[in-house]
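So the chains spell out like this:
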Amino acid sequence: MSISLEKSSSARQSLIPNYLYSTSANKSFDLEKHSNGNRTFPSSSTAAATVPYSVVAASPSEPGRKIEMYSPSYYAACTMGGILSCGITHTAVTPLDLVKCNMQIDPAKYKSISSGFGVLYKEKGVRGFFRGWAPTLLGYSAQGACKLGFYEFFKKYYSDLAGPENAVKYKTFIYLAGSASAEVIADVALCPMEAVKVRVQTQPGFARGLSDGLPKIIRAEGYDGLYKGLVPLWGRQIPYTMMKFTSFETIVENIYKHVTPKPKDECSKSMQLGVSFAGGYIAGVLCAIVSHPADNLVSFLNNAKDATVADAVKKIGVVGLFTRGLPLRIVMIGTLTGAQWGIYDAFKVFVGLPTTGGAPPLPSAMPELDETHCNSQL
């Protein structure tokens, strides 16, 4: 089975692995051989595919519209999906985040989840539950744009660097490297809004929100004050994102391989989106545990002027770094991550792209195969 291709312009080749724009007519890649039994690939012993550069997806909402896979339009669609998935979900869980941050900063006052909500309601009313929503929306929208857009780019870029066999053999390392690279960039976009958000949410009387909180920090500490928490933010978000993407890709692949009654290609779109949510929720629980100590550090450093990591460890304690606010964060991050993957993949389906995960990445160059494998047509 093969998919024929057209030659692509050299201007776009830098975005795509070599195997996608190979001009050799007698090269193809045996998907069954490299799928390690993954049922998302054809099971026929003679099935093979000549992997194309010009892979296009037609939008279900616009029959004539097509998005070329791994083209600038593809990455733009992934970026927009990231904005929607991260911006909407983080803003929606602002009340949980507000309680979690205050439990980390003032555990004597905010002793538990239920009492934390009670204290907030008593002091601020219902409106108090959404304090800091504006920097949350802007910050995490920017972060989501960079995180998802650059992850898709780096995942393909590192597949290209890995070579033909290694892209599949070492797919986990490609997921790890791609997600870490994307998160380094994403956190630079997030950090200023995160600094404002934490102070608005945890320092009574500091500011009403973004409009007065941002200039207040700049006047008091300069622009450096907005990036004071960048290194701890990297410490929280990079392990978090590496776990989020790698575990999601692995979980979804195994759900299609062992749980669903049929391969991904034969599943309905609603079932695929359900798999995305389930895989995202499980991945989110793992993310919360891995990144929680750094999350406590970020909250402490953004709340206390001139504080250091040593000050945080001394006050919170090593055990406290791992446990303070963890149950609430597990619930919040599990739900958040599941919803993010659901929204992201729903947007991809809406514009005519396939959902994320379900198969290992294709290798970056085409191994030579027997000529009989190259003549089968899709």
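All of these numbers come straight from a predicted model, not from anything done at the bench.

Let us look at the overall build of the protein. If you tally the helices and strands in the protein, you get 15 helices and two strands. Taking all contacts inside the protein whose residues are at least 6 apart in sequence as the whole, residues at least 24 apart take part in 78%. When the accessible surface of the protein is totalled, it reaches about 16400 Å², and 63% of it is carbon and sulfur.

With that settled, consider the pattern of salt bridges. Should the charged atoms of two oppositely charged side chains come close, the side chains can pair. Per the stated rule, a full pass over the model turns up twelve salt bridges. Note that Arg 236 and Glu 194 form a salt bridge whose closest N and O atoms lie 3.4 Å from each other. Of this pair, Arg 236 sits in helix α10 (residues 230-259) while Glu 194 sits in helix α8 (residues 171-202), and the two are 42 residues apart along the sequence. No difference in accessibility class separates Arg 236 from Glu 194, as the two residues are buried. Of the charged contacts in the structure, one is a salt bridge between Asp 212 and Arg 208, with a shortest N-O distance of 3.8 Å. Since its relative accessible area comes to 70%, Arg 208 is described here as exposed. Among the ionic contacts, a cluster of salt bridges with common partners joins Asp 97, Lys 100, Glu 194, Lys 197, Arg 236, Asp 295 and Arg 329.

Computed from the structure, the second largest pocket encloses a volume of approximately 350 Å³. Together, 18 residues line the second largest pocket, and Arg 127, Arg 131, Gly 132, Arg 208 and Gly 209 are the ones closest to its centre. Residue contributions to the lining of the second largest pocket peak at three residues, all from helix α6 (residues 133-162). Residue classes in the lining of the second largest pocket are distributed as nine nonpolar, five polar and four charged.

Looking at the secondary structure, you find Asp 97 in helix α4 (residues 94-105). For Asp 97, a relative accessible area of 10% corresponds to the buried category. A distance of 2.6 Å separates polar atoms of two side chains, one belonging to Asp 97 and the other to Lys 197. For Asp 97, the contacting residues outside a window of four places in its chain are Lys 197, Gln 201 and Met 332.

Averaged over all residues, the pLDDT of the protein is 79; the fraction at 70 or higher stands at 78%. Long-range and interchain partners of residues 1-64, a stretch whose pLDDT sits below 50, account for 160 contacts in this model, where long-range means more than four residues apart. In the model, residues 363-378 has pLDDT below 50 throughout and makes 50 contacts with residues more than four positions away in sequence or in other chains.

This part covers unusual backbone geometry. Both trends apply: most residues other than glycine have a negative phi, and most peptide bonds are in trans. Of note in the backbone geometry, Tyr 70 takes a positive phi value of approximately 65° without being a glycine. Within the secondary structure, Tyr 70 sits in the loop between β2 (66-68) and α3 (72-92).

Next up on the list: the packing of α4 against helix α14 (residues 326-350). The geometry of α4 relative to α14 is characterised by a closest axis approach of 10 Å and an angle of 155° between their N-to-C directions. Taken together, the axes of α4 and α14 are roughly antiparallel relative to one another. In this structure, α4 meets α14 at a crossing whose hand is left-handed. Contact residues: Leu 96, Asp 97, Val 99, Lys 100 and Met 103 in α4; Leu 328, Arg 329 and Met 332 in α14. For the contact of α4 with α14, the residue count by class is five nonpolar, no polar and three charged.

Enumeration according to the criterion identifies four cavities of 30 Å³ or more in this entry. Roughly 140 Å³ of volume is contained in the largest cavity. Lining the largest cavity are 18 residues, and of these His 90, Tyr 140, Arg 236, Gln 237 and Ile 333 sit closest to its centre. The set of elements that each furnish at least two residues to the lining of the largest cavity consists of α4, α6, α8, α10 and α14. Among the elements that take part in the lining of the largest cavity, α14 stands out by supplying five residues, more than any other.

For the structure on display, the rule yields 16 aromatic pairs. Judged by centre distance (5.3 Å) and plane angle (75°), the rings of Tyr 74 and Tyr 75 are edge-to-face. A single burial state applies to Tyr 74 and to Tyr 75, both of which are buried. A centroid spacing of 3.8 Å and a plane angle of 0° characterise the contact between Phe 248 and Trp 341, whose relative ring orientation is stacked. Taken together, the residues Phe 248 in helix α10 and Trp 341 in helix α14 connect sequence positions 93 residues apart. Each of the two residues, Phe 248 as well as Trp 341, counts as buried.

Parameters and conventions
- Numbering of residues starts from 1 in every chain and runs along the sequence as written.
- pLDDT decides what is reported in this predicted model: residues at 70 or higher carry local features, side-chain atom pairs at 80 or more are listed and counted, and totals for whole chains, interfaces and linings draw on all residues regardless.
- To get the side-chain values, all heavy atoms of the structure are used, and hydrogens and water are removed first.
- Secondary structure is summarised from DSSP: a helix means a run of H or I of at least four residues, a strand means a run of E of at least two, and numbering begins at the N terminus for each.
- Residue contacts follow a heavy-atom distance rule, with two residues in contact if any of their heavy atoms lie within 4.5 Å.
- Reported accessibility uses the Shrake-Rupley method at a 1.4 Å probe radius. Residues are deemed covered only where the shown protein chains occlude them.
- Note on definitions: salt bridges are taken to be side-chain nitrogens of Lys or Arg within 4 Å of carboxyl oxygens of Asp or Glu.
- Burial classification: accessible surface area is computed with a 1.4 Å probe over protein chains only, and a residue below 20% of its type maximum counts as buried, one above 50% as exposed, and the rest as partly exposed.
- Definitions used throughout: a 1 Å grid over protein atoms alone; a cavity as a set of points that fits a 1.4 Å probe which cannot get out; a pocket as an open set with protein on both sides within 12 Å along at least five of seven lines; a lining residue as one with an atom within 4 Å of a point.
- Grid points are joined across faces, edges and corners, and a volume is the space filled by probe spheres set on the points.
- Classification used: nonpolar for Ala, Val, Leu, Ile, Met, Phe, Trp, Tyr, Cys and Pro, charged for Asp, Glu, Lys and Arg, polar for all others including Gly.
- Side-chain atoms alone can form a polar contact between residues adjacent in sequence; in general such a contact is a pair of N or O atoms within 3.5 Å, and within protein one must be able to donate a hydrogen while the other accepts it.
- Residue-level confidence of the predictor is what pLDDT reports, using numbers from 0 through 100.
- Axis definition: a line fitted to C-alpha atoms, over the contacting stretch in the case of helices. Angles run 0 to 180 degrees between N-to-C directions.
- Should an angle lie under 35 degrees it is considered roughly parallel, over 145 roughly antiparallel, and from 65 to 115 roughly perpendicular; all remaining angles are considered oblique.
- Left-handed describes a crossing whose near helix is turned anticlockwise from the far helix by less than a right angle; the clockwise case is right-handed.
- When the centres of two rings from Phe, Tyr and Trp lie within 6.5 Å, Trp using its six-membered ring, the rings pair. Their planes under 30 degrees apart give stacked, over 60 give edge-to-face, and anything left gives tilted.

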